[in-house]
Amino acid sequence: MNWQPPQTYEVGTPDGRVLQYCVYGATGGVPVIAHHGTPGCRWERPDVIAAIEDTGLRMVVPGRPGYGSTRSPGRSVADVAADTQLLADAQGWDRFAVTGFSGGGPHALACAALLPDRIVNCSTVAGIAAPGTAALESLDWVPDARRGEGWLRERLHRRGREILDHFDPATPDGRYQRMLTTCVEGLDGWIDDYLALTRPWGFAPESISVPVDVWYGLDDDNTTFEHTEWLLATIPAARRREFAGGHDPNDIAQRQIFRALTA
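Residues numbered from 1 in each chain as written. Predicted model: local features only at pLDDT ≥ 70, side-chain atom pairs only at ≥ 80, totals over all residues. Heavy atoms only, no water.

Student: What is the right way to look at the packing of aromatic side chains in this model?
Tutor: For any pair of aromatic rings, the description rests on two quantities: the centre-to-centre distance and the angle between the ring planes. Applying the stated criterion across every chain, the model contains eight aromatic pairs. Ring plane angle 35° and centroid distance 6.5 Å describe the contact between Trp93 and Phe96, whose orientation is recorded as tilted. Both residues of the pair, Trp93 and Phe96, belong to the buried class. When the ring of Trp190 is compared with that of Tyr194, the centres are 6.3 Å apart and the planes differ by 65°; the resulting orientation is edge-to-face. Taken together, the positions of Trp190 and Tyr194, both in helix H8 (residues 187-197) and four residues apart, correspond to about one turn of that helix. When its relative accessible area of 9% is taken as the criterion, Tyr194 is described as buried. (Phe/Tyr/Trp six-rings, centres within 6.5 Å; stacked < 30°, edge-to-face > 60°. Buried < 20%, exposed > 50% of the residue type's maximum accessible area, 1.4 Å probe, protein only. Helix = DSSP H or I, 4+ residues; strand = E, 2+ residues; numbered from the N terminus.)

Given below as structure tokens:
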């Protein structure tokens, strides 16, 4: 049976953009808005969808601008807060949790900082540190981002095609389609994420007052412990959370992370 992508919904923004998003889990589940990684997309893997359903969440996963949603050139990390509030309003949610994976971590933190009356709790998973820190500057893509969009576009266009070549379009599990959406069709989003993550984020992580779980894999080689330690030292309400494994949580860890959002 061929894979069918989850249904995509759309909502318009005051400045004329269109936000695309998917919704997972049962109606009446714990409301969560999840910010995907860099690169990423609104289509979750089947195993993640099962974890969402089994842990009682009702999760909205938007594609950030440039990942299917209308591109917003020059966007900052902080800009995600207004879009997140719009998405929550469209669901009728007054209060909700936020989570962000990898490059989505700072976007979840932006919501916690700028929407404190709306956010119940927040988590970052394999999150990254802010510009100006040694942890961020050590990441291999940062020099390309510092050279600007033209240079970055050339590098990521090639990298996206290399990644896609590892997936068989005939495989009926959706991996090829998700990676096409993430790394090729979402190239503008990937570029704008890297640019935003290396510029001032537009909010102060030290101002966050809501609880923040800082999750990291004990064997993660992509985001080092320096990122985790910076987040824990900077965010007043941060709590250390570890899971076995690397950068991308396995099924057991994913369910631990999701259950913590319901606490």
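Student: What am I meant to see in the side chain of Gln254 here?
Tutor: Tracing the sequence through the fold places Gln254 in helix H10 (residues 251-261). The residues touching Gln254, leaving out its near neighbours within four places in the chain, are Val48, Ala51 and Pro249. (Contact = heavy atoms within 4.5 Å.)

Student: What is the right way to look at the pattern of salt bridges in this model?
Tutor: Pairing is possible between side chains of opposite charge, provided their charged atoms come close. As enumerated under the stated definition, the model contains 21 salt bridges in all. Asp89 is the salt-bridge partner of Arg118, the closest N and O atoms lying 2.9 Å from each other. Of this pair, Arg118 sits in the loop between helix H3 (105-114) and strand E6 (119-125) while Asp89 sits in helix H2 (residues 80-91), and the two are 29 residues apart along the sequence. Taking relative accessible area as the criterion, Arg118 reaches 15% and is therefore assigned buried. Asp89 sits in the partly exposed class, given a relative accessible area of 44%. Salt-bridge contacts for Asp213 lead to Arg239; the nearest nitrogen and oxygen are separated by 2.7 Å. One end of the pair, Asp213, is in strand E7 (residues 212-217); the other, Arg239, is in strand E8 (residues 238-243), with 26 residues separating them in the sequence. Overall, the relative accessible area of 36% leaves Arg239 in the partly exposed class. Beyond isolated ion pairs, a larger network of salt bridges with shared partners links Arg71, Glu149, Arg153, Asp188 and Asp192. (Salt bridge = Lys/Arg side-chain N within 4 Å of Asp/Glu carboxyl O.)

Geometry only, nothing functional implied.
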